[in-house]
Structure formats: C-alpha cells, structure tokens
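# Descriptive analysis of the structure
So you can see what is in the structure, the chains are spelled out below.
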Amino acid sequence: MEKKKKKSILSCINGYKFSTIMSPITVALEVVMEILIPLVMSDIINIIDFNNKHEAGATLKLTLLKFLSDVPSQKAAIIAGFILIGFAILSLGFGVLSGIFSAKASCGFAKNLRKEIYYSIQNFSFANIDKFSTSSLITRTTTDVTNVQMSFQMVIRIAVRAPFMLIFAFIMSIVISPKISMIFVVVVPVLALALFFIMTKAHPNFKKMFAKYDDLNTVVQENVAGARTVKAFVREDFETKKFKHSSEEIYKYSVKAEGWLAFNNPFMQAAVYVCFMFVSFMGAKLCAPYTSTFTTGDLNALLTYIMQILMSLMMLSMIIVMITMSKASVERISAVINEEPTIKNC
C-alpha cells in the first residue's frame, strides 16, 4: 500500500500567504524609517550647533539634508523638523501595518493548524487515541498550537526587524565614526556568546517542562472523569499527591529555565552602559574642537544607533527562546497530523 505523504505544518499558511508576505515587507520599511530618524536628528542638532558656534569657525555637516546647506539656519531647522515628523509618522504607519498583517497571518495559521489536528483526530481509531492519550491530544491542540502561533508571529515580524535593524544601525555607526564603532567588534561577539550559552542551558529545561504538561493534564482528566470512583474508594489524598507531584515537576523545570533566562537582562544592561561610557568619553574628546569633523549631532546619532544595535540583539535572544520553546510543540503537532489511522475505510 502506498505510504501517505508526510504533511508539513507550513501548509496551514494557505489562505494567509498575502499577510505572511506583507508583514516582513512593512517591517523592513519601518526599520528604514527608524534608521533615517537619527540622521535627521543629527542634522537638526548640527544646524543649531552651527548657528551657535558660527563665529568660532564651525562647519555645517549635513549627512542627509544636504539641500538645506544654503538655507538660513532657523528655516533649515524648521524644515528638518517637519521631515523628522514625516519619517516618524511613516515609521508608525508601517509599524501598525506590520502588526495587523502579522496578527492576521499568525491567527489564521493557528486556526488552520487546529482544524488540521481536529480532522486528523476524527480519523483516529481507539488505538491511535490510546497511543497519544486524550490529555496529550488536548494539550497539542491548545498549548502547543498557541506556542507555534506566537513563534510564527515573531518569525515574520521580529525575526525580520532585529537583523535588519542590527545590520543597518551597525553600518550607519561605521559611516559616522569607524574609530568609535570598533567597540561593537568587541561587545557584540561577547554578548552573542553569552546569549548562546544561556539558550543552550535553558532549552533542555523547556523541553522537559512541556513533557510534564501532558502528565498534569492526565491527572486532571482522570480526577474529573472519575470523581465518583475516587470518592468511593477514599483516594482523595493519593490523587492530591499525584497532582502536587506533577505541578512541582512543571514548577521545577520552569524555575530552572527562567533562572537561566534571567541572566539575559543583566548582560544586555552591562553591554549598553559599557558602550555608552566608551562612546561618550571618546565622542566628547572628538567633538570638543570646533574644527573637528565629528559633531555633537554625530554623537547623538551614534548613541541612538548603540541602543538600536543592542536592542536588536535582545530581540534576537527572545526569538531564539521562543523558537526553542515551540520546537517541541512543532514536533508534537506534526506527530498528530502525520499519524496513520490503524483502521481505514475500504
């Protein structure tokens, strides 16, 4: 007999492909706007700084708004301000659209996934149901699908935003000051190694935690379905101990996993403050002379790009955590939709 072709959960995207494609496109446009905003802000600061230090021989350095170089300072600052507001509005608009598209795509994906699981279970024989257990099938249809839905939404939105922001912000910081940007060559790899170490420690505990959810659901189902039997044989204390044991197992692995993830924020905060201290010290020395090519606006833009780079790394770490959590869920869902019924209609 011909073997049934293995189904992929990605086939459940059907019907929501447009939203799935548009979400990363609008995210990319949002990132472009956010990258341009610090440059315009830098120009505004340089225009004001030039007006204050004109007699000292400062030179106007417009990185983006070069067409304003011959415009009076006050008028140039007003025009640049309106351009800045325009970029901010565009960034907000693209952000809203990306949120709408990603929500529609992820919710539709989850809907199709539940439908696929439901109709697969309808074809199961009692042997198939006993193989998975009723409680496990419920967990796979609810908790596991929710985990996959959240991961899918992060992949088509944050997983696009974080790398784009990281790359563009790093390029812009090098364009502004290659010398100061060298700090990222040291900080980013160290931070990446720390995040990788945290993820390798947290993932096994998440995997064990999800397996314990099935045990907990089994205990709850048995107690609800057999409440009369438990009372008749006076087994309340025994069943309470079983439930407590299952809950403690989930608690234990959750605490271990979250304990490792708790190191994420201190590492990020340390990296942010180290970068700020270094850039502020070096930038202040470079922009102090009026004849320097490194301006106050450049320093402000560089500090903004530092935050964007480090926040992108933090978002990437969140994505890795969510994907590692949902990996087990994907495998459990795939096992259900690819299960061959032991009894088939002739």
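Since we're looking at a predicted model, the values are computed, not measured. (Residues numbered from 1 in each chain as written. Predicted model: local features only at pLDDT ≥ 70, side-chain atom pairs only at ≥ 80, totals over all residues. Heavy atoms only, no water.)

### Considerations on the overall build of the protein
Put simply, the rule reads: A run of H or I in DSSP counts as a helix once it spans at least four residues, and a run of E counts as a strand once it spans at least two, with each numbered from the N terminus. Values of the radius of gyration come from C-alpha atoms, whereas the globule rule sets the reference at 2.2 Å times the count of residues to the power 0.38. Categorising residues by exposure relies on relative accessible area from a 1.4 Å probe, with only protein chains included: less than 20% of the type maximum marks a residue as buried, more than 50% marks it as exposed, and the intermediate range marks it as partly exposed. Each accessible area value is a Shrake-Rupley result obtained with a 1.4 Å probe; residue values ignore everything except the protein chains displayed when judging cover. Charge convention: Lys and Arg are scored as positive, Asp and Glu as negative, and His as well as the terminal groups of each chain are ignored. By convention, the point assigned to a charge is CZ for Arg, NZ for Lys, CD for Glu and CG for Asp.
Counting its regular elements, the protein contains ten helices and zero strands. The secondary structure elements of the protein, listed N-terminal to C-terminal, are α-α-α-α-α-α-α-α-α-α. In terms of overall dimensions, the protein is more spread out than a globule: its C-alpha atoms have a radius of gyration of 28 Å, far above the 20 Å expected for 346 residues. Across its three principal axes, the protein shows a C-alpha extent of roughly 95 × 45 × 35 Å. A total of 346 residues make up the protein; the buried ones form 43% of that total. Summing over all exposed atoms, the protein offers an accessible surface of approximately 19100 Å²; the carbon and sulfur share of this is 68%. Of the charged side chains in the protein, 35 are positive and 23 negative, and the gap between their average positions amounts to 3 Å.

### A look at helix α5 (residues 158-176)
Rule in force here: To estimate how far a helix should reach, multiply one less than its number of residues by 1.5 Å.
Helix length check: α5 (19 residues) gives 26 Å between terminal C-alpha atoms against 27 Å at 1.5 Å per residue, within 8%. Where α5 is concerned, the buried positions are V160, R161, A162, M165, L166, A169, M172, S173 and I176.

### Some thoughts on the pattern of salt bridges
One side chain can pair with another of opposite charge once the charged atoms of both are near each other. Rules: By convention in these notes, a salt bridge is any Lys or Arg side-chain nitrogen within 4 Å of a carboxyl oxygen on Asp or Glu.
Taken as a whole and judged by the stated rule, the model has five salt bridges. Among the salt bridges present, the one from K131 reaches E339, with a minimum N-O distance of 3.0 Å. Within this pair, whereas K131 is found in helix α3 (residues 126-132), its partner E339 is found in the segment after α10 (296-337), the two being separated by 208 residues in sequence. For K131, a relative accessible area of 56% gives the class exposed. Taken together, the salt bridges that share partners define one network made up of E30, E34 and R161.

### Side note on the packing of aromatic side chains
Keep this limit in mind: The rule is short: rings of Phe, Tyr and Trp, with Trp giving its six-membered ring, pair when the centres are within 6.5 Å, and they are stacked under 30 degrees, edge-to-face over 60, tilted in between. Here, a charge over a ring means that NZ of Lys or CZ of Arg falls within 6 Å of the ring centre while also lying within 35 degrees of the ring normal.
Scanning the entire structure with this criterion turns up seven aromatic pairs. Measuring from ring centre to ring centre gives 5.9 Å for F124 and F132, while their planes differ by 10 degrees; the resulting arrangement is stacked. Look at W260 and F263: their rings are 6.0 Å apart centre to centre, the planes differ by 45 degrees, and that puts the pair in the tilted class. Here W260 falls in the partly exposed class, since its relative accessible area comes to 28%. Taking the relative accessible area as the measure of exposure, F263 reaches 44% and is therefore partly exposed. Here the aromatic cluster, defined as three or more aromatic residues joined through ring pairs, consists of F197, W260 and F263. Between K252 and the ring centre of Y253, over which it is positioned, the NZ or CZ distance is 5.0 Å.

### Brief notes about the side chain of S173
Here is the rule we go by: We call two residues in contact whenever any of their non-hydrogen atoms come within 4.5 Å of each other.
By the secondary structure assignment, S173 is in helix α5. A relative accessible area of 0% means that S173 is categorised as buried. When near neighbours in sequence (up to four residues on either side) are disregarded, S173 contacts P178, S181, F184, L302, Y305 and I309.

### Concerning helix α9 (residues 264-287)
In a regular helix each residue adds 1.5 Å, so 24 residues correspond to 34 Å; α9 covers 34 Å between its end C-alpha atoms and thus fits that length. If you check which residues of α9 are buried, you get N264, M268, A271, V272, C275, V279, M282, G283 and C287. Those residues of α9 that are buried lie in contact with α6 (178-225), α8 (236-261) and α10.

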